[in-house]
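# Notes for the structure review
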Amino acid sequence: MPEKQSVLTLITGADKGIGFETAMELGRLGQHILVGSRDKSRGFRAVKRLHQQRIKSDLMILDVTSAASIRAVADRIRNQFGYLNILINNAGVAFDHHESALTMSIETIRRDFDVNFFGLIQVTQAMVPLLLKADHAKIINVSSNMGSLDLASDPTSQFYNVSSLGYQASKAAVNSATITFSKTLAHVGITVNAVNPGYTATDFGGRFGGTQTVQQGAARIVSLARDLDSEVTGTFSENAGKLPW
Ligand SMILES: NC(=O)c1ccc[n+]([C@@H]2O[C@H](COP(=O)([O-])OP(=O)(O)OC[C@H]3O[C@@H](n4cnc5c(N)ncnc54)[C@H](OP(=O)(O)O)[C@@H]3O)[C@@H](O)[C@H]2O)c1
């Protein structure tokens, strides 16, 4: 009998923070983790730590803003494995530190969009042909409650007075892409969902007062990713449940 194929999972920005914790937890559940990292030495250290836990993993040097880098990773996955089960679009940045929308430079907003939105779109487009080769496949977009238009426009929400235009708009765009891709891919059985990890004490979230542990930050992503048979698609959720778009 042919050996059963491992569940193969690519996580962008997986060398630290929520991405690395997600890699560790899904790896412990038996998934084979492709660690997306644009920093070679940090990527090697991440894979070494996974190997120490006997987790099957490979380093994929991946800068989500580089078309050549994305192409090279897609080629390598095609040649080495021939399929992909799960894509977790986790890489994210916030170059706008709560600056006023009136004075924030367009360049800063573009840099947020380059990683959070255009990078996510380009990685997704490159990986869909590989996801189509798997029996079950899913895309999980790591978004943010800061991208919720409903919360930003609700005077009773803590986000009503938050202003971080580049980050918020780029994550709102991620949510929009989640809805669009979920409908586009529904007929081929690829689910697409967005997740808010919550305020987490990483290099990223710590700057803004994030207090959750990385385990708490990764929990909703892990629960979606471990349930390969789930047909849930087109949702935005967090540990506490469903979020408004
Ligand atoms: N932490 C929070 O409170 C919080 C809350 C809501 C949403 N999120 C979202 O959660 C995700 C993970 O954030 P985190 O808190 O774990 O942050 P983190 O510790 O800073 O990790 C972010 C990861 O993304 C990578 N990355 C950035 N630009 C990249 C690029 N161009 N190509 C490939 N990788 C790139 C980073 O690599 P480099 O170090 O090389 O840049 C790093 O590995 C992000 O999408 C973030 O928006 C976080």
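Anything mentioned here points back to the structure above.
The paragraphs below set out a description of the structure included in this document.

Parameters at a glance
- Residues numbered from 1 in each chain as written.
- Predicted model: local features only at pLDDT ≥ 70, side-chain atom pairs only at ≥ 80, totals over all residues.
- Heavy atoms only, no water.
- Helix = DSSP H or I, 4+ residues; strand = E, 2+ residues; numbered from the N terminus.
- Expected span 1.5 Å × (residues − 1).
- Buried < 20%, exposed > 50% of the residue type's maximum accessible area, 1.4 Å probe, protein only.
- Arc of directions from axis to C-beta.
- Contact = heavy atoms within 4.5 Å.
- Near = heavy atom within 4 Å.
- Polar contact = N/O pair within 3.5 Å; in protein donor to acceptor, adjacent residues only side chain to side chain.
- Areas by Shrake-Rupley, 256 points an atom, 1.4 Å probe, with all protein chains shown as cover.
- Nonpolar A, V, L, I, M, F, W, Y, C, P; charged D, E, K, R; others polar.
- Pairing = 2+ DSSP bridges.
- Core = buried A, V, L, I, M, F, W, Y, C linked by side-chain atoms within 4.5 Å.

## Considerations on helix α3 (residues 67-80)
In this model, α3 (14 residues) spans 20 Å end to end at C-alpha, consistent with the 20 Å of a helix rising 1.5 Å per residue. All buried positions along α3 are accounted for by S69, I70, V73, A74 and I77. For α3, the angular spread of the buried residues around the axis is 135°, confining them to a single face. Those residues of α3 that are exposed and aimed more than 90 degrees away from the buried face are R71 and N79. The inward-facing, buried residues of α3 abut β1 (8-11), β2 (32-37), β3 (57-61) and α4 (106-131). Once α3 finishes, G82 follows within two positions and takes phi at roughly 85°, a positive value.

## Considerations on the site of the ligand
Around the ligand lies a shell of 30 residues, among which D15, R38, N90, Y167 and T202 are the nearest. The contact in question runs from an oxygen atom of the ligand to an N or O atom on the side chain of R42, over 3.1 Å. Measuring from an oxygen atom of the ligand, one finds a backbone N or O atom of N90 at 2.8 Å. Here the ligand, which alone exposes 890 Å², has 94% of that area covered by the protein. Elements with a contribution of two residues or more to the shell around the ligand: α1 (17-28) and α6 (165-184). In the shell around the ligand, the residues fall into 11 nonpolar, 12 polar and 7 charged.

## A short note on the sheet that holds β2
With mixed pairing, 8 strands are arranged side by side in an open sheet as β3-β2-β1-β4-β5-β6-β7-β8. Unpaired on one side and paired on the other, β3 and β8 (241-242) mark the two borders of the sheet. Both strand β7 (residues 236-238) and β8 contribute to a ladder of 2 bridges, which runs antiparallel. Residue pairing in the sheet places E238 in a bridge with G241 of β8.

## Description of the nonpolar core
Core analysis: the largest hydrophobic core is formed by 36 residues, its most contacted members being L10, I77, L84, L87, M127, L131 and I139. When contributions to this core are tallied by element, the ones reaching two or more residues are β1, α3, α4, β5 (137-142), α6 and β6 (190-195). In terms of residues, this core owes the most to one element, α4, which gives 11 residues. Aside from chain neighbours lying at most four places away, what touches M127 is L10, I70, V73, A74, I77, L84 and L87. Within the second largest apolar cluster, 25 residues are counted, among which are F20, I33, A46 and I88.

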